[in-house]
Amino acid sequence: MDQVVPNQPPDYYTCPFRKSKLNKFLGSENRDAYFTATQRHQVAYEILATRAYGLRRKAEIGIDRLLEDGTYAGAFPLHEGPYELPKTFQPEQLNPRQILHAYWAAWGTWYKYQPLDHIREYYGEKIGLYFAWLGLYTAWLLPASIVGILVFLYGCFTFQSNVPAREACESDQAYKMCPLCDETIGCNYWYLSDICVYIKMSYLFDHPGTVFYSVFIAFWAVTFLENWKRKNASLAHHWDVMDFQEDEERPRPEYSALSPVYQRNPVTGNLEPHFPNRKRIPRIVTGVMCIIIMMVLVVIFIIAVIIYRVLIAIPLFQNPLLRSQATTVASGSAACVNLVLIMSLGKVYEKLAYKLTQWEMHRTQTDFENQLILKVFIFQFVNFYSSILYIAFFKGKFTGYPGRYGMFFGLRNEECSSGGCLIELAQQLAVIMVGKQIINNCQEVFVPKLLTWMHRFSKGISWARRDERPMTRCEADYQLIPYEGLFEEYLEMVLQFGFITIFVAAFPLAPFFALLNNWLEIRLDASKLVCETRRPVSERAQDIGVWFILLDVIVQLSVISNAFLIAFTSEFLPRQLYMYQYDSQLRGYTNFSLAWSPSNTTAQPCRYKAFRDADGSHSVFYWKLLAVRLAFVIAFEHVVFFISRMLDILIPDVPQSLQLKIKREQYLAKQALQDAEIAMGRARQRIGSGVQQTGDDAVDDSA
């Protein structure tokens with residue numbers, strides 16, 4: 001998977017630049033080539049961003065303010081030549097953009113390691129760290145995918161030996177099931193054997209292997225984050241940003257333009273625009289209320305989808321030909337409707353969150369980005385996961401029993417099928433996760449081209465040139481779309497990480513689909529950066545920032561989620577308890593898990609899935625099972641959290657080889673400092689002795 005990339009950026013020992021010690025730096029005699037193009041962009045942007053063009057007391061400072069006011073149409077670093085490869089060339093003769101296009105963005109390099117040093121050299125450390133994290137995450141998905149596929153195949157090879165499914169399929173008309181809605185609206189009795197296929201399919205996602213896989217993914221996620229810490233430390237040292245600290249940040253242009261008063265900065269002592277906290281706090285409270293309102297809106301749409309699913313399932317169950325597929329069709333169509341609502345609400349809220357964060361008037365760009373990330377992530381977490389959480393932990397838990405059914409908006413509460421809710425959860429996960437990936441990848445391909453066309457149209461740029469004069473680099477880059485940052489890319493990957501960890505007990509193939517998506521994602525993002533967007537101003541960074549904290553939170557939530565999934569949603573524990581108490585081969589489990597409807601509650605005697613007595617009260621087995629479930633949750637969480645904590649302690653965040661290298665460099669630096677002090681002391685002594693000798697000569701002359 002390794003590849004030889006030409007023009008590897010040199011790796012020097014470095015120290016902070018000082019103009020007074022210019023002659024100490026290698027290559028300083030060639031002033032035109034000493035600084036890299038990326039460093040020149042940073043210096044030029046720093047000058048442009050801090051230069052006053054009007055009155056400082058009115059915050060008329062910097063190119064960003066001029067862009068915000070519309071004085072300039074664009075300000076961006078230029079790409080270093082075209083990205084198209086010449087017909088004949090030597091690899092060493094390619095410009096940096098062509099190298100990235102040939103060895104990174106090309107589809108033929110999908111299985112190759114990314115040229116991270118070249119990415120960092122061309123785009124800066126912040127973008128380099130994102131692609132380093134994405135590459136490591138994708139690589140770690142490979143073992144998770146292989147194990148997930150093996151777990152799924154285990155279900156495929158052993159589902160024929162599933163005794164409860166075989167009993168249900170061979171029961172013919174032995175188990176007459178109660179109607180799934182009121183008999184008064186036309187719902188009929190049905191037989192358990194009608195959904196034989198559905199019960200067999202449910203075993204593919206609900207067997208003992210899924211318990212093992214949940215534990216495996218919990219440890220996999222913790223180990224992945226620990227490995228990223230080590231990788232991040234190595235890259236930070238290699239790229240000389242390990243001790244990087246952002247200098248005092250300038251106020252954002254919008255903040256400067258809209259702040260009503262001026263106040264002296266306690267750090268720099270300069271007079272700066274200031275927005276009083278007494279005005280900001282009400283705005284922040286308003287933003288929080290908007291988030292809550294949007295979350296309530298998500299819940300309303302979920303309720304609408306639930307009602308849709310119930311109403312669709314009723315006519316399907318009434319039709320004998322469609323009865324066996326009723327649950328699958330109703331759940332699948334509801335999942336598709338839910339996906340459309342999720343994507344639509346997500347786009348609307350992202351724009352609303354951006355406007356709200358602007359309105360809250362945060363002083364620096366870092367504060368602005370952190371607040372925006374927090375707002376959008378909280379909403380998208382609720383938006384994407386709420387329907388899945390409903391199926392996983394609430395559906396079928398409040399159904400009631402014949403004669404005392406729970407009602408919701410005049411309809412009976414949804415109940416899980418005889419195959420359990422886990423297969424429906426797997427179906428929901430597959431539709432939302434894979435559907436989201438397909439939509440996002442289509443957007444990655446077509447949206448940049450559409451935006452380029454709109455940009456050219458709005459600026460009156462013709463596709464055909466009227467003269468033979470070749471375009472300048474500035475003209476060619478102006479036709480590209482502006483770079484929009486890494487926010488959307490990180491958000492997409494963090495949400496995907498949640499899908500493959502929080503609900504992996506229900507869908508062991510999730511890491512495999514994530515792996516396929518990320519192989520595409522890396523090349524699509526690379527192609528967009530190299531070919532379709534303007535070159536961004538490079539930014540230095542030490543790590544991936546607040547996104548790592550969110551990943552760590554997701555890992556902790558995944559342990560709790562999978563413990564409750566196995567305990568309360570899966571059939572694993574009921575079957576294990578039945579095997580322990582009654583029959584180790586699960587013979588008779590199907591009949592045991594079906595209760596009889598209480599007398600005089602239905603027109604005909606029928607069965608329903610529950611551990612209840614003839615009068616509808618919970619059986620002794622139910623209470624034993626509840627105790628086992630709670631004990632399992634506590635034991636699972638404590639064991640996984642303990643081992644995860646031990647892994648965190650035992651795996652150092654900085655590799656030992658890197659620690660030795662850092663200590664060696666610090667030792668050499670101290671030695672160099674001591675040698676310099678000794679040399680300076682000797683020089684002072686020579687100067688002092690020279691002065692004294694001159695004084696003695698002067699005395700002799702006077703004598």
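Residues numbered from 1 in each chain as written. Predicted model: local features only at pLDDT ≥ 70, side-chain atom pairs only at ≥ 80, totals over all residues. Heavy atoms only, no water.

- Identification of the protein as Anoctamin from Macrostomum lignano is taken from an unreviewed UniProt entry.
- Its UniProt record gives the protein the following Sequence similarities (unreviewed entry) comment, quoted word for word: "Belongs to the anoctamin family." (UniProt positions renumbered as here; feature names shortened; annotations may be inferred.)

Some points on unusual backbone geometry
Line of reasoning, step 1. Even without a glycine there, the phi angle at D172 is positive, about 55°.
Line of reasoning, step 2. Relative to the helices and strands, D172 is located in the loop between α6 (163-169) and β1 (176-177).
Line of reasoning, step 3. Its identity as a non-glycine residue notwithstanding, L586 has a phi of 65°, on the positive side.
Line of reasoning, step 4. Looking at where L586 falls in the secondary structure, it is placed in the loop between α18 (572-581) and α19 (589-592).
Line of reasoning, step 5. Note on L586: relative accessible area 11%, which makes it buried. (Helix = DSSP H or I, 4+ residues; strand = E, 2+ residues; numbered from the N terminus. Buried < 20%, exposed > 50% of the residue type's maximum accessible area, 1.4 Å probe, protein only.)

Side note on the pattern of salt bridges
Line of reasoning, step 1. One pass over the structure, following the stated rule, counts 16 salt bridges.
Line of reasoning, step 2. Ionic pairing is found between R120 and E125, a salt bridge with its closest N-O pair at 2.9 Å. You'll find R120 and E125 in the same group, each marked buried.
Line of reasoning, step 3. For the salt bridge of R540 with E125, the shortest nitrogen-to-oxygen distance reads 3.7 Å. Here the residue R540 occupies a position in the loop between α16 (510-532) and α17 (546-569), and E125 occupies one in helix α5 (residues 125-158), the gap between them amounting to 415 residues. (Salt bridge = Lys/Arg side-chain N within 4 Å of Asp/Glu carboxyl O.)

Here we look at the environment of Y13
Line of reasoning, step 1. Examined against the element boundaries, Y13 turns out to sit in the segment before α1 (37-50).
Line of reasoning, step 2. Of the residues examined, Y13 reaches a relative accessible area of 73% and is grouped as exposed.
Line of reasoning, step 3. Once the C-alpha coordinates of Y13 and C290 are considered, the two residues, 277 residues apart in sequence, prove to be 51 Å apart.

Some remarks on the packing of helix α15 (residues 487-502) against α17
Line of reasoning, step 1. Contact geometry for α15 and α17: axes closest at 8 Å, N-to-C directions at 20°. With respect to their mutual orientation, α15 and α17 come out roughly parallel. Of the two possible hands of crossing, α15 and α17 adopt the one that is right-handed. In contact with F487, Y490, L491, V494, F497, G498, T501 and I502 of α15, α17 contributes W547, L551, I554, V555, S558, S561, N562 and L565.
Line of reasoning, step 2. The class makeup of the residues in the contact of α15 with α17 is eleven nonpolar, five polar and no charged. (Axes fitted to C-alpha atoms, helices over the stretch in contact; angles between N-to-C directions. Parallel < 35°, antiparallel > 145°, perpendicular 65-115°, else oblique. Left-handed = near helix turned anticlockwise from the far one by under 90°. Contact = heavy atoms within 4.5 Å. Nonpolar A, V, L, I, M, F, W, Y, C, P; charged D, E, K, R; others polar.)

Brief notes about the domain arrangement of the protein
How big an interface is tends to be stated in terms of accessible area lost as the parts join.
Line of reasoning, step 1. Considered domain by domain, the protein is made up of domain 1 (104-249 + 364-651) and domain 2 (655-682).
Line of reasoning, step 2. Relative placement of domain 1 and domain 2: their C-alpha centres are 49 Å apart.
Line of reasoning, step 3. Each side of the interface is counted separately: domain 1 has five residues, and domain 2 has five residues.
Line of reasoning, step 4. Both faces considered, domain 1 and domain 2 share a buried interface measuring about 420 Å² in area, 71% of it formed by carbon and sulfur atoms.
Line of reasoning, step 5. Per-residue buried area on domain 1 facing domain 2 is highest for R230, S234 and H237; these three make up 81% of the total on that side.
Line of reasoning, step 6. For the pair domain 1 and domain 2, the interface holds zero salt bridges.
Line of reasoning, step 7. At the junction of domain 1 with domain 2, the criterion picks out one residue pair in polar contact (both at pLDDT 80 or more). (Domains from an automatic or database assignment. Buried area = accessible area lost by both parts, 1.4 Å probe. Polar contact = N/O pair within 3.5 Å; in protein donor to acceptor, adjacent residues only side chain to side chain.)

Quick notes on α15
Line of reasoning, step 1. Helix length check: α15, at 16 residues, gives a terminal C-alpha distance of 22 Å against a target of 22 Å (1.5 Å per residue), a fit within 8%.
Line of reasoning, step 2. In terms of burial, α15 is largely enclosed, as 15 of its 16 residues are buried. (Expected span 1.5 Å × (residues − 1).)

Focus: the packing of aromatic side chains
Line of reasoning, step 1. According to the stated counting rule, one finds 45 aromatic pairs in the structure shown.
Line of reasoning, step 2. With 5.3 Å between their ring centres and 70° between their planes, F17 and F35 make a pair best called edge-to-face. Of this pair, F17 sits in the segment before α1 while F35 sits in the segment before α1, and the two are 18 residues apart along the sequence.
Line of reasoning, step 3. A relative accessible area of 33% places F35 in the partly exposed class.
Line of reasoning, step 4. With 6.4 Å between their ring centres and 70° between their planes, F25 and Y34 make a pair best called edge-to-face. (Phe/Tyr/Trp six-rings, centres within 6.5 Å; stacked < 30°, edge-to-face > 60°.)

Some thoughts on a nonpolar patch on the surface
Line of reasoning, step 1. On the surface, I281, I284, V285, V288, M289, I292, V296, L297 and I300 cluster together to form a nonpolar patch covering roughly 720 Å² of accessible area.
Line of reasoning, step 2. Relative to the elements of secondary structure, I281 occurs in helix α10 (residues 277-318). (Patch = residues over 30% accessible without salt bridge, like charges linked within 9 Å, V, L, I, M, F, W, Y side chains within 5 Å. Areas by Shrake-Rupley, 256 points an atom, 1.4 Å probe, with all protein chains shown as cover.)

Notes on the side chain of Q496
Line of reasoning, step 1. Relative to the assigned elements, Q496 resides in helix α15.
Line of reasoning, step 2. With a relative accessible area of 4%, Q496 lands in the buried category.
Line of reasoning, step 3. A distance of 3.0 Å separates a polar atom in the side chain of Q496 from a polar atom in the side chain of N518.

Structural notes on the state of the cysteines
Line of reasoning, step 1. This structure, assessed with the given rule, holds two disulfides.
Line of reasoning, step 2. Covalent S-S linkage joins C169 and C196, the inter-sulfur distance amounting to 1.9 Å. Torsion about the S-S bond of the C169 and C196 cystine: about 95°, corresponding to right-handed handedness. Taken as a pair, C169 in helix α6 and C196 in helix α7 (residues 196-205) lie far apart in primary sequence, 27 residues in all.
Line of reasoning, step 3. Among the cysteines around C156, which has no disulfide bond, C196 carries the closest sulfur, lying 16 Å off.
Line of reasoning, step 4. Its sulfur unpaired, C336 is 15 Å from the next cysteine sulfur, which belongs to C442. (Disulfide = S-S within 2.5 Å.)

What about the side chain of R629?
Line of reasoning, step 1. As for its placement among the helices and strands, R629 is situated in helix α20 (residues 620-650).
Line of reasoning, step 2. It turns out R629 is buried and unbridged, and the closest side chain with the opposite charge, E571, is 5.6 Å from it.
Line of reasoning, step 3. Here the side chain of R629 touches A567 through a polar contact of 2.7 Å, landing on its backbone oxygen.
Line of reasoning, step 4. Apart from residues no more than four positions distant in its own chain, R629 is found in contact with A567, F568, S570, L573 and P574. (Lys, Arg positive; Asp, Glu negative; His and termini not counted.)

A word on the environment of Q659
Line of reasoning, step 1. The topology assignment puts Q659 in helix α21 (residues 656-702).
Line of reasoning, step 2. Taking the relative accessible area as the measure of exposure, Q659 reaches 33% and is therefore partly exposed.
Line of reasoning, step 3. In this structure the C-alpha to C-alpha distance between Q659 and F368, which are 291 residues apart in sequence, comes to 35 Å.
Line of reasoning, step 4. Non-local contacts of Q659, meaning those with residues more than four positions away in its chain, are made with P652 and V654.

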